[in-house]
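Breakdown of the fold
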Amino acid sequence: MAKNIIRVVVVSIILVLHGCGARVADEEQDKRNQLAEYRSQMDELRQKIAQLEYELDNNSDRSRVNVELNDLKETVFEHFIEVMGRVQSDRNLIVRPEAAGNIVDILVKEGDYVRKGDIMARLNTNALDRSIQEMEVNLDLANTMYERQAKLWNQNIGSEVQYLQAKSNKESLERRLEGLQAQRAMAVVKSPVNGVVDEVIQKQGEMAGPSIPFARVVNVEQLYVTADVAERHLTSVRSGDSVSVRFPVLGTTRTETINRTSSVIDADSRTFRIRVEMDNPGNRIKPNLMAVLQLRTYRNPEALVVPSILIKQDFTGQFLFVAEEENGNYVSRKRYITTGLNHNNNTVVESGLYPGDKVITEGFAMVVDGTLLNVNN
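Right, let's walk through the structure included here. Since this is a predicted model, take the numbers as computed values, not measurements. (Residues numbered from 1 in each chain as written. Predicted model: local features only at pLDDT ≥ 70, side-chain atom pairs only at ≥ 80, totals over all residues. Heavy atoms only, no water.)

A separate point is the pairing of strand β6 (residues 119-123). Of the strand pairs in this sheet, strand β4 (residues 101-106) and β6 are connected by three bridges, and their pairing is antiparallel. Opposite Ile103, over in β6, you have Leu123 as the bridge partner. Where β6 and strand β7 (residues 188-190) come together, three bridges link them in antiparallel fashion. Directly across from Ile119, in β7, lies its bridge partner Lys190. (Pairing = 2+ DSSP bridges. Helix = DSSP H or I, 4+ residues; strand = E, 2+ residues; numbered from the N terminus.)

See below:
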């Protein structure tokens, strides 16, 4: 019995040892298979790497950035500012009668064109007319008495005093008649200028007088625009300069000349006033209409100008990219610059660039300092 047990144990141990040996052999074979697979993959990767290196060496354009260049040239640069202005008229007048009286007749209506001296209205002159008639009768009598005394005096008949009294009475009545006729003329309301009746303020039957506005007459054939300009432009905006005047409401723009600049700086706004006179054909422009004036404050006929969008900035300063030829290839180079005025999306470069430099205008956002370039233009 004991021998059988020992025999079973020995057999079990042998089986266990044989199983372990078989497992170790299987793991070793797996590792060999995996190693062979890795070597195969490595060979394949080496082939791909070699192919890519070959393609990169033989197709260098694929490592370049497509750009377009612009040869920098000197050009005319002008800088403008815009200010708001207002249309005005020297002949925007309030018409008042010179005498007081009741309005008996109004001869114009709003919108009528009148010339200087045209009658616009008449006042009641009944009392004056009666006084003038009476004065004319007295003057006729005075003229008759004067003529008779003059004949007698020429014949040495009568006294000199009687002759002088008749003459003085006649001349006095003539002057009084002239005064009454002048008063009657003042009762007629006349237009002081050529223009358009913009407003009739009073109505027929109302009492008029020198202190009461009767109508407004506006001459819009000759107008002017005034605008206030900041004092820093005092030396660059002068009389005689050309100015563009735009009327946004009308959708029109005109080129005019600055006629006058103010001699005084406004203490509160720190501005000076300019005046631009203009004709008004067709009377389209109206007083108090808003206008936009474009004034030239700077001009350089030999400026180096680049599009403002090309200019970038880092901690050192402003820069842009130019193309330089190196070993037969174009390479981008970072060029630091000093800028001046800008207008209409263009900027003046005061230093850092020179005529003939090739500025990268397309593809500039894709390059850095030293990038190989493929020039399209």
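From this point, things continue past the structure.
Here the focus is the side chain of Arg64. Inspection of the secondary structure assignment puts Arg64 in the loop between α1 (2-58) and β1 (65-71). Here the side chain of Arg64 touches Asn329 through a polar contact of 2.9 Å, side chain to side chain. One polar contact links the side chain of Arg64 to the main-chain carbonyl oxygen of Leu373, over a distance of 3.3 Å. Dropping the residues within four chain positions of it, Arg64 is found in contact with Asn329, Leu372, Leu373 and Asn374. (Polar contact = N/O pair within 3.5 Å; in protein donor to acceptor, adjacent residues only side chain to side chain. Contact = heavy atoms within 4.5 Å.)

A word on the sheet that holds strand β3 (residues 92-95). A sheet is described by the order of its strands in space; here four strands give the open sequence β3-β10-β8-β5, paired in antiparallel fashion. The strands lining the two open edges of the sheet, one partner per strand, are β3 and β5 (113-114). Examined bridge by bridge, strand β8 (residues 195-200) and strand β10 (residues 215-218) share four bridges and lie antiparallel to one another. Following the sheet pairing, Glu199 is matched in β10 by Arg216.

At a closest axis distance of 8 Å, the pairing of helix α2 (residues 126-154) and helix α3 (residues 160-186) adopts a crossing angle of 155 degrees. With respect to α3, the element α2 is oriented roughly antiparallel. In this structure, α2 meets α3 at a crossing whose hand is left-handed. Here the residues of the contact of α2 with α3 sort into 14 nonpolar, eight polar and eight charged. (Axes fitted to C-alpha atoms, helices over the stretch in contact; angles between N-to-C directions. Parallel < 35°, antiparallel > 145°, perpendicular 65-115°, else oblique. Left-handed = near helix turned anticlockwise from the far one by under 90°. Nonpolar A, V, L, I, M, F, W, Y, C, P; charged D, E, K, R; others polar.)

Let's shift gears to the sheet that holds β7. One open sheet holds the four strands; their spatial order is β7-β6-β4-β9, and the pairing between them is antiparallel. The open sheet is flanked by β7 and β9 (207-208), the only strands paired with a single partner.

Topologically, Arg296 is positioned in strand β16 (residues 290-307). Spatially, the C-alpha atom of Arg296 lies 8.2 Å from that of Asp241, the residues being 55 residues apart in sequence. Sequence-distant contacts of Arg296, that is, excluding residues within four places in its chain, are made with Glu78, His79, Phe80 and Ser236.

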